[in-house]
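These are the residues of each chain, in order.
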Amino acid sequence: MNKNVYCTNCKKELTDNDEILVLEFDFQYEENIFCSNECLIKSLEDWGDVEKTTVSEYLC
């Protein structure tokens, strides 16, 4: 691998054999790379794109 790749959330340096999740936005030219589902969800929460709630709160 010629380029260092890091998780967008935790900044972990990733190696050639690490499995990753890649999130692309139409309005961005940069891909967001995550080392785990947890890091992806944490970033989405931080960005305000997802929030945890209950069914009853959601339906109100």
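(A) Quick peek at the pattern of salt bridges. Within this structure, the stated rule accounts for two salt bridges. Between Asp 46 and Lys 42 there is a salt bridge, with the nearest N and O atoms lying 2.8 Å from each other. With a gap of four residues between them, Asp 46 and Lys 42 both fall in helix α1 (residues 37-47), about one helical turn apart. Glu 45 is the salt-bridge partner of Lys 52, the closest N and O atoms lying 3.8 Å from each other. When its relative accessible area of 70% is taken as the criterion, Lys 52 is described as exposed. With relative accessibility at 27%, the residue Glu 45 sits in the partly exposed group.

(B) Up close: the environment of Cys 35. Assignment of secondary structure puts Cys 35 in the loop between β4 (32-34) and α1. Taking relative accessible area as the criterion, Cys 35 reaches 24% and is therefore assigned partly exposed. With 15 residues separating them along the chain, Cys 35 and Ile 20 place their C-alpha atoms 4.9 Å apart. Dropping the residues within four chain positions of it, Cys 35 is found in contact with Cys 7, Cys 10, Lys 12, Leu 14 and Glu 19.

(C) Spatial organisation of α1. Within the span of α1, buried status applies to Cys 39, Leu 40 and Ser 43. An end-on view of α1 places all buried positions within 100° of arc, on one side of the element. Residues of α1 that are buried make contact with β3 (21-23) and β4. Just beyond α1, the residue with positive phi is Gly 48, at close to 80°.

Criteria and cut-off values
- Residues numbered from 1 in each chain as written.
- Predicted model: local features only at pLDDT ≥ 70, side-chain atom pairs only at ≥ 80, totals over all residues.
- Heavy atoms only, no water.
- Salt bridge = Lys/Arg side-chain N within 4 Å of Asp/Glu carboxyl O.
- Helix = DSSP H or I, 4+ residues; strand = E, 2+ residues; numbered from the N terminus.
- Buried < 20%, exposed > 50% of the residue type's maximum accessible area, 1.4 Å probe, protein only.
- Contact = heavy atoms within 4.5 Å.
- Arc of directions from axis to C-beta.

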